[in-house]
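# Fold and geometry: a report
Chain residues, written in single-letter form:
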Amino acid sequence: MTAPVTAPAREGRTAPLPAAVSRLREASPSALATLIAVTGCVAFVFWQLRPDLLFASTTPAGGDMGAHVWLPDFLRDHLLTKGRVTGWTPDWYAGFPALTFYFPLPALLIVAADVLLPYGIAFKLVSVSGLLAMPIAAWAFGRLAGMRFPGPACLAVATLPFLFDRTFTIYGGNVASTLAGEYSFSIALAFALLFLGVVAKGLDAGTHRATAAMLLAATILSHVIPAVFAAVAALLLFAFRADRARLRWLLPTGLVGAALAGLWTVPFVLRLPYMNDMGWEKITTYRQDLFPSEVRWVPALALIGALLSVARRRRTGTFLLVLSAMCGTAFVVAPQTRLWNARILPFWFLCLYLLAGIAIAEASHLFAEAGAYRRLSTVGAGQAGQIRPLLAAPHADRAEIGAPLVSLIAAVALLALPLGALPSWWPVKSEDHSFVPDWIAWNYSGYERKPAFPEYDDLVLTMRQVGEDRGCGRAMWEYEPQLDRLGTPMALMLLPMWTDGCIGSMEGLFFESAASVPYHFLNQSELSQTPSRAQRDLPYRSLDLDNGVAHLQLMGVKYYMAVSPEAIAAASAHPELTRIASSGPWTVNYDDGPKERTWEIYEVENAALVDGLDNEPIVATDLAKGGRGWQDAAVEWYQDRSRWDVPIAADGPQEWARVPRESLDDPPRSAVRPARVSAVQIAPDRIAFHVDKPGSPVLVRASYFPNWKAAGAEGPFRVTPNLMVVVPTESEVTLTYGQTPIDALGWIVSGIGVVGLLTLRRRGAVPYRVAPRTSPSEPR
């Protein structure tokens, strides 16, 4: 057998370069400039986010993010194992429907990344993914919208100052908001930009309907507010090209995208009455918030970009001008509702920054055209007709090639000094110091690297031991701002995560997700020396252990954790609190100096999770079953202990008295023999118990939600404040949290969306009779 013959290498030639390197060598100058600009933006953002900390196997801390780490962990261990994406959790607020009112896709991405990476690293990388994707998404939007070079690259660069903007820190989209916990928002905003780019391309060419639908669904499942922005912006893009054929492109695409997310959106919309309203006040300092003095150059440069876009008939720039005007107007005219008008501001600023990027791109076009005219000034009269073809030539002028690179350098220079991104030997310094690097270091160094971690670790171990010795149960911990020393004031929300669900926390995140939230904050105010009082318009009391302990008993809270000397003194003197453990002492720095603090743990007497009632509840005849109407009546009842013997019900058996709203404070009392409850068994989505005699109503101290169903009893019925009552028909009663027709409808809608997606893909492009108008002065 002869050896294969190989052709001899040509003399003087090296082995072929990798394909990617070959393509780079063959790339045009404009393509290389774009590549450098976009990758430079991503690299700069990534470097500022501290890869050394991102890849450290620690648990993210800081702001809301330090509590967000609970959700994917619960999803992985308790929901997905049962084939569910949403479900019940007893870990916060005496229970709430996890992921029914919060966005599932980012949590699912973290769980997927956790298959290959340690949990903390997986969480951190997903939490910054929206920030890293933003420059790419902005470039893709410009490219797909048909912008001529260097427009897309300049849009990518324009996202840098937006991401590191310090004028807002919680509204969403920028680095500060992401670190504060709004990482789902930044992920959704990146998806929204990609979606709008695909919509612009589809409205021009009739293609990519399936891709647009999937991107819309991804936006919705990441965060509903950017999804609303994306939908409004898509309608505006259609308005620039409106005709019947393009409506055939847009309408099915939007319907399919919305349907794909139906498994989450249908229960979300139909269960809105069971959401909590935190009462955020509308912001009315319009001029200050729309045009902050710190970044006056942004609206100025955006105005230039807007004027050049209109004058030169640039469709994408004009679109961003109108969209920014809509966002600014919506911020001003939005009424006081559940949707806080401040959440509109990120879209306003994003539009301004993108218009500023367009100003740079258009300036480069003007320089390039001026150079072309100068070159043609020597052309003879007979060749004057060559001017227009030359101006429209596809090659890029040096001014255009330099625009994204110069703007990248300018953006980095603008950000580098306050960010401290320059080497220590760099001669130029700035008194303006950005807090963003400090936030990054605080969050991503993790709980484990905080100086107060020994305090946190010992407190968690103490509560774990308490659970083992005295039984699992809910814990109410005293709030104080100095808890930030642990990593975030919300650090103790992770007690369920660290104790495998044995010790629940009465405080949690996702304030809108649980109708029990108002009562927790009322309790917190009564049981803390320096409470947060986060929810507006509630009748708060100051430190008041008598009412506070009574509220703990009503809500079935087994443990109270006190840290301030005032709360400890009051708790130690309270007859229905028994001190069972302590952690400390620890040295804590306060505004007036360091002080020693010890955590004291108390067990609350008479705080059974299931108990017989002395009287039948009454049914309010003209009171909404959910929403603010129910909350207002329930809060009045909750703050008046003389009314607790007769719970107010949203519904109930016919024999329960029906009482109008105005008579709820003096209801009729129908006494019953209290049921004796025993053999109580608690699981995350199941509560079972035995009663000695069926027929008498039983109070179950777990938050009400319509997905709860009872076997061996009538009900459950929602009663004040947000608990459940059942009327046993058998000795053995079991409550389970399961699927309802509304949940089934959501899955059916998503199934229809999948069929619609396959149909869009099979049918392909929508034919347009008339192509969009183009001209050299209006590049697409």
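A brief report on the enclosed structure follows.

### Some details on unusual backbone geometry
Trans is the prevailing form of peptide bonds, just as negative phi is the prevailing case for residues other than glycine. Here Gly584 and Pro585 are connected by a cis peptide whose omega angle stands at 10°. Topologically, Pro585 is positioned in strand 6 (residues 577-590). Put simply, Thr720 and Pro721 share a cis peptide bond, and its omega is -5°. Considering the arrangement of structural elements, one finds Pro721 in the loop between strand 16 (713-719) and strand 17 (723-728). A positive phi is found at Asn606, a non-glycine position, where the angle reads about 55°. As for its position among the elements, Asn606 is in the loop between strand 7 (593-604) and strand 8 (610-612).

### Remarks on the state of the cysteines
Here a disulfide denotes a covalent bond joining the sulfur atom of one cysteine to the sulfur atom of another. A full pass over the atoms with the stated rule returns one disulfide. Bridging Cys472 to Cys502, the disulfide has an S-S length of 2.1 Å. Between Cys472 and Cys502, the S-S torsion sits near -105°, and that sign places the bridge as left-handed. Taken together, the positions of Cys472 in the loop between helix 22 (453-470) and strand 3 (473-477) and Cys502 in the loop between helix 23 (495-498) and strand 4 (503-505) put the pair 30 residues apart, joining distant regions of the chain.

### Points about the pattern of salt bridges
Under the criterion given, the structure shown has 30 salt bridges. Note that Arg315 is salt-bridged to Asp204, the shortest N-O span being 3.0 Å. Within this pair, whereas Arg315 is found in helix 17 (residues 315-333), its partner Asp204 is found in helix 10 (residues 183-205), the two being separated by 111 residues in sequence. Each member of the pair, Arg315 together with Asp204, is buried. Close ionic contact of Arg701 with Asp611 constitutes a salt bridge, the shortest N to O distance being 3.8 Å. Residue Arg701 is located in the loop between strand 14 (698-700) and strand 15 (708-711), and its partner Asp611 is located in strand 8; the two are separated by 90 residues in the primary sequence.

### Overview of the side chain of Thr34
Note that Thr34 resides in helix 2 (residues 29-48). Excluding anything up to four places from it in sequence, Thr34 contacts Trp139, Phe149 and Ala153.

### As for the side chain of Asp289
Tracing the chain through its elements places Asp289 in helix 15 (residues 286-290). Buried and without a salt bridge, Asp289 has Arg287 as its closest oppositely charged side chain, separated by 11 Å. Among the polar contacts made by the side chain of Asp289, one reaches the side chain of Thr285 at a distance of 2.3 Å. The residues touching Asp289, leaving out its near neighbours within four places in the chain, are Tyr171, Ile283, Phe331, Leu345 and Phe349.

### Things to note about the packing of helix 2 against helix 20 (residues 398-419)
At their nearest, the axes of helix 2 and helix 20 sit 8 Å apart, and the two run at 15° to each other. Relative to helix 20, the element helix 2 lies roughly parallel. The handedness of the crossing between helix 2 and helix 20 is left-handed. On helix 20, the residues touching Pro29, Ala33, Ile36, Ala37, Gly40, Cys41, Phe44 and Gln48 of helix 2 are Ile401, Pro404, Leu405, Leu408, Val412, Leu415 and Leu419. Grouping the amino acids of the contact of helix 2 with helix 20 by side-chain chemistry returns 13 nonpolar, two polar and no charged.

Reading the values: rules and limits
Residues numbered from 1 in each chain as written. Predicted model: local features only at pLDDT ≥ 70, side-chain atom pairs only at ≥ 80, totals over all residues. Heavy atoms only, no water. Helix = DSSP H or I, 4+ residues; strand = E, 2+ residues; numbered from the N terminus. Disulfide = S-S within 2.5 Å. Salt bridge = Lys/Arg side-chain N within 4 Å of Asp/Glu carboxyl O. Buried < 20%, exposed > 50% of the residue type's maximum accessible area, 1.4 Å probe, protein only. Contact = heavy atoms within 4.5 Å. Lys, Arg positive; Asp, Glu negative; His and termini not counted. Polar contact = N/O pair within 3.5 Å; in protein donor to acceptor, adjacent residues only side chain to side chain. Axes fitted to C-alpha atoms, helices over the stretch in contact; angles between N-to-C directions. Parallel < 35°, antiparallel > 145°, perpendicular 65-115°, else oblique. Left-handed = near helix turned anticlockwise from the far one by under 90°. Nonpolar A, V, L, I, M, F, W, Y, C, P; charged D, E, K, R; others polar.

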